[in-house]
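Letter by letter, the chains look like this.
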Amino acid sequence: MAEEIKPVRKKRSLSLIQPTSTPTLGNYLGAMKGWTEFQDDFDTIFGIADLHSITVRQEPQKLRQQTVQLYAQLMAVGLDPNKSILFIQSHVPQHSQLGWLLNCYTQFGELNRMTQFKDKSQQHSDNVNAGLFTYPCLMAADILLYQADVVPVGADQKQHLEITRDIAERFNGIYGNVFTVPEPYIPKAGARVMSLADPSRKMSKSDPNPRGTIYLTDEPSVIMKKFKSAVTDSEMSVRYADGKDGINNLITIYSAVTGKDYQAIEDEFRGRGYGDFKTAVGEAVVAELEPVQKKFNELMQDKAYLQECWTNGADFASRLSQRTLDKAMKKIGFLAK
């Protein structure tokens, strides 16, 4: 009798994004576009981290609106609620519950070393709250609740995953094998997109110069205007080289949306000026974002469908996370109801 071949379980991946502003072209090319591929390779969970967003004061109506819009944008770029769990963090109270438990298994000195706490404390010196200090514990809960095997991380998130691993190993050392200790996953290199106004800085949702950032909801005319005003240099030669940060950034963007390598781009624009190149980059980005924007606008016209999706996502996430929470609470010694 032939031996039964059992299907190999996919590793579980978890990614969260805050609804603090409209995603940028940098967010899209650097991470979001690649997330769609995860759905085939991993058991994927995606969440909107609205609980994390309130470490900085938010306008209530704006927070609600941005949460809805971000959920629609994640679906518009290709995240499928039939393939992935796609939920809103505040709809799953297990995050807050486990976050409190993990506060009690995290050392003050560990939290005090977190560079993002130091950075945000300086940026928001009038509101250095306890949540800002302890949010790595909530972030750890986000990951450990779902027994995530891997967490896609960029350079700015490595420290958060390290403390999550430390917390998990400490808890497991006391109570046994409760949490999966997650591994970092370095995704295929997404484009590192810099500000169009200051190419020495990363494109940011919070850039005070609106000309520096392309938002996923920008109209085509706005996108073209921003690219045409992009900072370049006086050489007028489309080539990737040291000291040409502005042109290097535009080449990176053009390559990411067209699939052409740098040499092909240099050949295409040899002998042509920066004006032609900026126009071509703008048009390529408009074409790339057109189906995303069309799908986003369709979804925003069907709020009932969006609500159905995030309600189902929360139900799936709650059932999955409750198993871990129950196990952790039992190990600690809490009385079952």
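Along the polypeptide, Thr24 turns up in the loop between β1 (12–17) and α1 (25–41). By relative accessible area, which is 0% here, Thr24 ends up buried. For Thr24, the side chain forms a polar contact with the main-chain nitrogen of Gly26, separated by 3.1 Å. Beyond its immediate chain neighbours, meaning those up to four positions away, Thr24 contacts Met203, Ser204, Lys205, Thr213, Ile214, Tyr215 and Leu216.

Moving on to the nonpolar core. In terms of nonpolar packing, the biggest core is built from 56 residues, with Phe227 and Phe277 touching the most fellow members. Of all the secondary structure elements, the ones that give two or more residues to this core are α1, β2 (43–48), α3 (60–76), β3 (85–88), α9 (220–228), α10 (245–258), α12 (274–300) and α13 (303–332). Tallying contributions element by element places α12 first for this core, with 12 residues. Contacts of Phe277, omitting those with residues within four sequence positions, involve Val238, Ile247, Leu250, Ile251, Tyr254, Ile265 and Phe269. Counting 36 residues, the second-largest nonpolar core is a separate cluster that includes Ile45, Phe87, Leu132 and Cys137.

Taken as a whole and judged by the stated rule, the model has zero disulfides. The closest cysteine sulfur to the non-disulfide-bonded Cys137 is located on Cys104, 8.7 Å from its own sulfur.

Our focus in this paragraph is the packing of aromatic side chains. In this structure the tally under the stated criterion is 15 aromatic pairs. For the ring pair Phe87 and Tyr146, a centre distance of 5.7 Å and an interplane angle of 45 degrees mean the geometry is tilted. Taken together, the residues span a long stretch of sequence, with Phe87 in strand β3 and Tyr146 in the loop between α7 (130–144) and β4 (150–152) at a distance of 59 residues. This pair shows no difference in class: Phe87 is buried, exactly as Tyr146 is.

So, on to the pattern of salt bridges. In the structure shown here, the tally under the stated rule is 13 salt bridges. When the shortest N-O distance is used, the salt bridge between Arg170 and Glu110 registers 2.8 Å. With Arg170 in helix α8 (residues 158–175) and Glu110 in helix α5 (residues 108–112), the pair connects residues that are 60 residues apart, well separated along the chain. The shortest N-O distance in the salt bridge between Asp276 and Arg272 comes to 3.6 Å. On the accessibility criterion, Asp276 (39% relative accessible area) is partly exposed. Accessibility expressed as a relative area gives 35% for Arg272, which makes it partly exposed. Among the ionic contacts, a cluster of salt bridges with common partners joins Asp233, Glu235, Arg239 and Lys244.

Cut-offs used in this document
Per-chain numbering applies: the sequence of each chain, read as written, is numbered from 1 onward. Local features in a predicted model are, by the rule used here, given only for residues with pLDDT of at least 70; side-chain atom pairs are given and counted only at 80 or more, and totals for whole chains, interfaces and linings are based on all residues. With hydrogens and water stripped out, all remaining heavy atoms of the structure feed into the side-chain values. Strands are runs of DSSP state E lasting at least two residues, helices are runs of H or I lasting at least four, and both sets are numbered from the N terminus onward. Only protein chains enter the accessibility calculation, which uses a 1.4 Å probe; a residue whose area is less than 20% of its type maximum is buried, one above 50% is exposed, and one in between is partly exposed. Under this definition, polar contacts are N or O atom pairs within 3.5 Å; protein pairs additionally need one hydrogen-donor-capable and one acceptor-capable atom, and for neighbouring residues in sequence, both atoms have to be side-chain atoms. Contact criterion: two residues are considered in contact whenever any of their non-hydrogen atoms come within 4.5 Å of each other. What we call a nonpolar core is a set of buried Ala, Val, Leu, Ile, Met, Phe, Trp, Tyr and Cys residues that are connected through their side-chain atoms within 4.5 Å. The disulfide criterion is simple: two cysteine sulfur atoms within 2.5 Å. Stacked, tilted and edge-to-face are the three classes assigned to paired rings of Phe, Tyr and Trp, where Trp is represented by its six-membered ring and a pair needs centres within 6.5 Å; plane angles under 30 degrees give stacked, over 60 edge-to-face, the rest tilted. Salt bridge, as used here, is a side-chain nitrogen of Lys or Arg placed within 4 Å of a carboxyl oxygen of Asp or Glu.

Remember that the coordinates give geometry; whether it matters functionally is a separate question.
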